[in-house]
Amino acid sequence: NYTKRARPTLVYSGLTFIFLNYVLFPNLAKLLGVADFEIVQLPTEFWVAWGGTVGVWSLGRSAEKRGVNSSVISKVTGSTKPSLFGE
């Protein structure tokens with residue numbers, strides 16, 4: 001069952017990393033008066049991998065919600081719904 005939710009977990013994990021790195025830690029540093037705090041830039045590989053995963057998953061979910069069913073859409077979204085076209 002977990003593999004069905006793996007893509008959303010990756011999406012939410014990425015959002016958590018982004019929130020921690022660019023929102024929470026800098027604001028905590030200001031609040032605590034840490035003058036030499038420097039944001040660690042997330043690597044380009046993170047942005048490419050996470051953005052690609054989010055993009056493909058979002059497109060698949062949008063197609064699935066519109067009623068498009070195929071084996072490709074099922075693999076992208078992790079859905080096990082029967083296909084309309086018998087694929």
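Just so we're clear, the structure is a prediction, and the values are computed from it rather than from any experiment. (Residues numbered from 1 in each chain as written. Predicted model: local features only at pLDDT ≥ 70, side-chain atom pairs only at ≥ 80, totals over all residues. Heavy atoms only, no water.)

**Student:** Hey, could you run me through the overall build of the protein chain in this one?
**Tutor:** The number of helices and strands found in the protein chain is three helices and zero strands. Here the protein chain holds 87 residues, and the buried ones make up 24% of them. Pairs at least 24 residues apart make up 41% of the contacts formed inside the protein chain by residues separated by at least 6 positions. With the model as given, the accessible surface of the protein chain reaches about 6,500 Å², and the carbon-plus-sulfur share is 66%. (Helix = DSSP H or I, 4+ residues; strand = E, 2+ residues; numbered from the N terminus. Buried < 20%, exposed > 50% of the residue type's maximum accessible area, 1.4 Å probe, protein only. Contact = heavy atoms within 4.5 Å. Areas by Shrake-Rupley, 256 points an atom, 1.4 Å probe, with all protein chains shown as cover.)

**Student:** Just checking my understanding: could you explain the packing of aromatic side chains for this structure?
**Tutor:** Any pair of aromatic rings gets described here by the distance separating the centres and the angle formed by the planes. All told, the structure shown has four aromatic pairs when counted by the stated rule. Measuring from centroid to centroid gives 5.2 Å for Phe46 and Trp47, while their planes differ by 80°, and the two rings are edge-to-face. Of the residues examined, Phe46 reaches a relative accessible area of 18% and is grouped as buried. Its relative accessible area of 35% is what places Trp47 among the partly exposed residues. Both rings, one in Trp47 and one in Trp50, keep their centres 6.4 Å apart while their planes meet at 80°; by these two values the pair is edge-to-face. Of this pair, Trp47 and Trp50 are both found in helix H2 (residues 44-65), three residues apart, which corresponds to roughly one turn of the helix. By the ring-pair criterion, three or more aromatic residues cluster together here, those being Tyr22, Phe46, Trp47 and Trp50. (Phe/Tyr/Trp six-rings, centres within 6.5 Å; stacked < 30°, edge-to-face > 60°.)

**Student:** What is the right way to read the confidence of the model for the protein chain from this model?
**Tutor:** Predicted coordinates in areas of low pLDDT are best not read in detail. Residues with a pLDDT of 70 or more make up 78% of the protein chain, whose mean pLDDT is 81. Summarising per-element confidence for the protein chain, the mean pLDDT is lowest in helix H3 (residues 71-77) (70) and highest in helix H1 (residues 6-32) (90). (pLDDT = per-residue confidence, 0-100.)

**Student:** What should I look at first to understand the environment of Glu64 in this one?
**Tutor:** Structurally, Glu64 can be placed in helix H2. Assessed through its relative accessible area of 10%, Glu64 is described here as buried. Considered as a pair, Glu64 and Ser74 are 10 residues apart in the sequence and their alpha carbons are 8.2 Å apart.

**Student:** What is the right way to read the side chain of Asn21 from this model?
**Tutor:** Mapped onto the fold, Asn21 is located in helix H1. Only 2.5 Å separates the side chain of Asn21 from the backbone oxygen of Val40, close enough to count as a polar contact. Excluding anything up to four places from it in sequence, Asn21 contacts Pro26, Ile39, Val40 and Leu42. (Polar contact = N/O pair within 3.5 Å; in protein donor to acceptor, adjacent residues only side chain to side chain.)

**Student:** Quick question: what am I supposed to make of a nonpolar patch on the surface here?
**Tutor:** A grouping of Phe19, Val23, Leu24, Phe25, Leu28, Leu31, Leu32, Val34 and Phe37 is seen on the molecular surface, where their side chains present a nonpolar patch of about 830 Å² in accessible area. Note on placement: Leu24 falls in helix H1. (Patch = residues over 30% accessible without salt bridge, like charges linked within 9 Å, V, L, I, M, F, W, Y side chains within 5 Å. Salt bridge = Lys/Arg side-chain N within 4 Å of Asp/Glu carboxyl O.)

**Student:** What's the story with H2 in this structure? I'm lost.
**Tutor:** Residues separated by three or four positions in an α-helix point in the same direction, a consequence of the helix having 3.6 residues per turn. In a regular helix each residue adds 1.5 Å, so 22 residues correspond to 32 Å; H2 covers 31 Å between its end C-alpha atoms and thus fits that length. Turning to H2, its buried residues are Phe46, Trp50, Trp57, Gly60, Ala63 and Glu64. At the exit of H2 stands Gly67, carrying a positive phi of roughly 95°. (Expected span 1.5 Å × (residues − 1).)

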